[in-house]
Amino acid sequence: MQRKFRLTRSEDFKRVRRFGKSYAHPLVVLIAQTNDEAQLRVGVAAGRTVGTAVKRNRAKRLMREAMRSLIPNIAPGWDLILIARPALLSSTLTEIRETLLTLLRRAELVSPTDAT
RNA sequence: CAGGCCGGUCAGGUGAUCGCGGUCCGCGCAUAGGCGUUGGAUCGAGGAAAGUCCGUACACUGCAGGGCGCGACGCCGGGGAAAUCCCGGGAUGGAGUGAUCUAUCGGAUUGGGCCACAGAAACAAUGCGCCUUCAUCCCCGACCCCUCUCCCGUUGGAGGGGAAGAGGUGAGGGUAAGAGUGAAAUGGCGGUGUAAGAGACCACCGGCGUUCACAGCAAUGUGGACGGCCAGGCAACCCCCGUCGAGUGCAAGGUCAAGCAGAGACGAUGGAGCGGCCCGCUCCUAUAAGUCUCGGGUAGACUGCAUAGAUAGAUGAUCACCGGAGCGAGGCGGCAGGGAGGAAGCUUGUGCCGAGCCGAAAGGCGAAGCAUCUGCGUAAACCUGCGCGCCUUGCUUUACAAAAUGCGGCUUAUAGACCGACCUGAGGU
RNA sequence: GCCCAUGUAGCUCAGUCGGUAGAGCACACCCUUGGUAAGGGUGUGGUCGUGGGUUCAAUUCCCACCAUGGGCU
């Protein structure tokens, strides 16, 4: 996932988590909030409950890899945060991609007819 | 072969496709710096990157020098910038059959404190006991006498009296042998000695101090001589001695610097003076908007920062093949036992036969062969077993864990594999 | 990343110049009441976070590890 699609600044994280709307799932939690730019930005996070540093890094990599192929189908102008949950580590990449797609449809960021 | 122990090394591999971060080059847009690249090259996690327990570089702050206080360390030699570091050695213990592993390391008679319970007493001694002197007495007791009781006597029971004294009580003295308590009790054992005892004295042993010789760079070890007879434990309690140590930490610090606030200059205007008036000039007070300058400095950016070098934090995903480990199945081989009371082969004796040789003759010698006997003794088919090797195949499994200033250590976590030295056990030769 | 603090009964906490750990609430039983609550009494309940070490003896002293909480930012 290229760096221009990343959400990097700490203030942006605070803003999205404070005002955004969240969608929960056993594997990941999605938080979405509109921004002032015509760009989609995604941030990933894995808390201490996921595990050690190795497990947290792997969780974030899996979420970024799953998100990479979905980016072209998502409407621009949104800031998203993906938060990992412990069950994510025992899932395959395909399952995570399906989960993210489900969450994005619930948030109405991707049209239901788009199939990947 | 199995298990162990010590030292060292490694920490799955290859390929394809899709992707991530840095640097350099090219290109495009901008055009000093920057942004973007379906372009190319190259680099891109660990032995512990972890815990943050030590030390250090580096940075800022403080500091003439010294002292107090606080903290760390403490056998010897070497390495090292230093270290709660490493290597080797020493002493005293502990674990293991063993290879080997492991703990501790200045000072405790001469500063203070503590040693619960128990015990006379916890470092100081006479409560018990032992010995002895004096006084006193029947409270206790041996012994004697009397009375009552019982069944005649012996005996027994109760009461009273006497009593030398070795008994009781009291006072004084000597004594650390003894029991008992405890984690720990004044060195052990034997003898001499004594009223009873005692290193009071003696021999041996242990320990302490002084000293000599030898070995070793040293810690220390071995042996001898002399001395006084004996000194409890705790310094991971305070303390004493010696050595060393400023504080804070890269979120340190440095550079640039929006905004906001501050200071200064210019500044329309007001007042005063010069002047007849205007312009103009000078001075003073206050000051709106605005412009400019200044130092400090927040957000932020850059740097600090590295032949990985990020700043929501880069090494991944999918597929295929090949590996490693464990368990199971099959095949081939190897080894062991049976086969083997031993084929073959070699060998000893005897008999038969007998080429040939010697001799005048009688006769003698005699290779090979056959039969039988004695001894030595190898293999195969086949059967059985195997904690052995290789191959094929199925299932399972393939660790602990990821840099954020660098470096030297320590500690902790870790599937397994390989190399070398050694130990123990079992089997075979 | 750096710097601190705390782990003791089911819960909240005491206890330390080393000597076998307690309080309140809770729980069980008894008394009290016609019954309940309150009150009173008795009792149960502890590897003192884990593992080593010093010591005759460790919750306490020393070392390592684990967990939880907080501060700087």
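Residues numbered from 1 in each chain as written. Chains lettered and ligands numbered in written order. Predicted model: local features only at pLDDT ≥ 70, side-chain atom pairs only at ≥ 80, totals over all residues. Heavy atoms only, no water.

1. Notes on the overall build of chain A
Next up, step 1: What chain A contains, in helices and strands, is three helices and four strands.
Next up, step 2: Taking the contacts inside chain A whose residues are at least 6 apart along the sequence as the reference set, 77% of them involve residues at least 24 apart.
Next up, step 3: When the accessible surface of chain A is totalled, it reaches about 6800 Å², and 48% of it is carbon and sulfur. (Helix = DSSP H or I, 4+ residues; strand = E, 2+ residues; numbered from the N terminus. Contact = heavy atoms within 4.5 Å. Areas by Shrake-Rupley, 256 points an atom, 1.4 Å probe, with all protein chains shown as cover.)

2. A few points about the nonpolar core
Next up, step 1: Counting residues in each nonpolar core, the largest one holds 31 residues, and the members touching the most others are L30, M67, L80, L82, L88, L100 and L104.
Next up, step 2: Of all the secondary structure elements, the ones that give two or more residues to this core are β2 (28-34), β3 (41-46), α2 (53-68), β4 (78-84) and α3 (93-106).
Next up, step 3: Non-local contacts of L88, meaning those with residues more than four positions away in its chain, are made with L27, V28, A59, M63 and I96.
Next up, step 4: With six residues, the next largest nonpolar core counts V16, I31, I81 and I83 among its residues. (Core = buried A, V, L, I, M, F, W, Y, C linked by side-chain atoms within 4.5 Å. Buried < 20%, exposed > 50% of the residue type's maximum accessible area, 1.4 Å probe, protein only.)

3. Describing the protein's contact with RNA strand B
Next up, step 1: Of all residues adjacent to RNA strand B, which total 18 residues, the nearest are R6, L7, R58, R61 and L93.
Next up, step 2: Backbone atoms, meaning sugar and phosphate, form 73% of the atoms of RNA strand B found within 4 Å of the protein.
Next up, step 3: Within the side chain of R64, a nitrogen or oxygen atom sits 3.1 Å from a phosphate oxygen of RNA strand B.
Next up, step 4: Broken down by element, the residue count for the surface near RNA strand B peaks at eight residues, all from α2.
Next up, step 5: A breakdown of the residues in the surface near RNA strand B according to their chemical character gives six nonpolar, four polar and eight charged. (Near = heavy atom within 4 Å. Polar contact = N/O pair within 3.5 Å; in protein donor to acceptor, adjacent residues only side chain to side chain. Nonpolar A, V, L, I, M, F, W, Y, C, P; charged D, E, K, R; others polar.)

4. What about α2?
Next up, step 1: Compared with the 22 Å implied by 1.5 Å per residue over 16 residues, the 22 Å span of α2 between its first and last C-alpha is a close match.
Next up, step 2: Among all positions of α2, only A59, L62, M63, A66 and M67 are buried. All buried residues of α2 project into a common sector of 125° when viewed along the axis, lining one side. Away from the buried face of α2 by more than 90 degrees, exposed residues V54 and R61 are located.
Next up, step 3: Residues of α2 that are buried in the fold lie against β2, β3, β4 and α3. (Expected span 1.5 Å × (residues − 1). Arc of directions from axis to C-beta.)

5. Considerations on the environment of I71
Next up, step 1: Mapped onto the fold, I71 is located in the loop between α2 and β4.
Next up, step 2: I71 sits in the buried class, given a relative accessible area of 9%.
Next up, step 3: Linking I71 and V42, residues 29 residues apart in sequence, is a C-alpha distance of 9.4 Å.

6. Quick look at the side chain of T99
Next up, step 1: Take T99: it is sitting in helix α3.
Next up, step 2: Residue T99 is classed as buried on the basis of its relative accessible area of 7%.
Next up, step 3: Discounting chain neighbours no more than four positions away, the residues touching T99 are H25, L27 and V28.

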